[in-house]
Amino acid sequence: GLDLGPVPKAFDPEYAAGYLADVLESESQEAFLVAVKNVLDARKANISKFARKSGLTRQAVYHVLSKRGNPRLSTLNQILKAAGLKITFDTDRNAA
């Protein structure tokens with residue numbers, strides 16, 4: 001699998017978007033949520049300020065971005081939007 005350790009270049013929005021897309025495509029949902037937290041950590045995001053910006057509580061952000069998190073799509077979108085990111089779709093050329 002992908003290296004889900006610290007992501008030093010994740011403050012770069014283009015890098016962060018590519019990193020998250022790769023994790024979402026090739027890893028589990030749990031790994032993706034941890035990767036979003038890694039991006040926030042790399043950006044030295046103040047989780048309290050970030051939570052206010054996303055409209056969620058600090059505890060909710062920590063829970064959602066944990067390995068046990070299972071956010072609704074709307075919650076995930078709130079978090080990504082606050083981070084300056086969004087979900088996009090592409091065709092899967094390997095699909096039957």
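The shown structure was predicted, so the numbers you read here are calculated from the model rather than taken from an experiment. (Residues numbered from 1 in each chain as written. Predicted model: local features only at pLDDT ≥ 70, side-chain atom pairs only at ≥ 80, totals over all residues. Heavy atoms only, no water.)

A. Spatial organisation of the overall build of the protein. Each helix and strand counted, the protein has five helices and zero strands in total. Each helix and strand of the protein, placed in order from N terminus to C terminus, yields the pattern α-α-α-α-α. Buried residues in the protein amount to 33% of all 96 residues. Partitioning the intrachain contacts of the protein with sequence separation of at least 6 by distance along the chain shows that 52% fall at a separation of at least 24. (Helix = DSSP H or I, 4+ residues; strand = E, 2+ residues; numbered from the N terminus. Buried < 20%, exposed > 50% of the residue type's maximum accessible area, 1.4 Å probe, protein only. Contact = heavy atoms within 4.5 Å.)

B. Broad picture of the packing of helix 3 (residues 47–54) against helix 5 (residues 73–82). Following both chains from N to C, one finds helix 3 and helix 5 inclined at 115°, their axes separated by 8 Å at the closest point. Relative to helix 5, helix 3 is oriented so that their crossing is right-handed. Residue-level contacts link F50, K53 and S54 of helix 3 to Q78, I79 and A82 of helix 5. Partitioned by chemical class, the residues of the contact of helix 3 with helix 5 number three nonpolar, two polar and one charged. (Axes fitted to C-alpha atoms, helices over the stretch in contact; angles between N-to-C directions. Left-handed = near helix turned anticlockwise from the far one by under 90°. Nonpolar A, V, L, I, M, F, W, Y, C, P; charged D, E, K, R; others polar.)

C. Local environment of helix 2 (residues 29–42). The first and last C-alpha atoms of helix 2 sit 20 Å apart over 14 residues, in line with the 20 Å expected at 1.5 Å per residue. Of all 14 residues that make up helix 2, 10 are buried, and the element is covered over most of its length. Here helix 2 has its buried residues at A31, F32, L33, V34, A35, V36, N38, V39, L40 and A42. (Expected span 1.5 Å × (residues − 1).)

D. Representation of the side chain of S54 within the structure. Along the polypeptide, S54 turns up in helix 3. On the accessibility criterion, S54 (6% relative accessible area) is buried. Separated by 3.5 Å, the side chain of S54 and the backbone nitrogen of L56 make a polar contact. For S54, the residues in contact, after removing those within four places along its chain, are V61, Q78, I79 and A82. (Polar contact = N/O pair within 3.5 Å; in protein donor to acceptor, adjacent residues only side chain to side chain.)

E. Summary view of the nonpolar core. In terms of nonpolar packing, the biggest core is built from 24 residues, with L20, F32, V36, F50, V61, L65 and I79 touching the most fellow members. Looking at this core, the elements with two or more residues in it are helix 1 (13–26), helix 2, helix 3, helix 4 (58–64) and helix 5. With seven residues, helix 2 is the largest single contributor of residues to this core. Aside from chain neighbours lying at most four places away, what touches I79 is V36, F50, S54, L56, V64 and L65. (Core = buried A, V, L, I, M, F, W, Y, C linked by side-chain atoms within 4.5 Å.)

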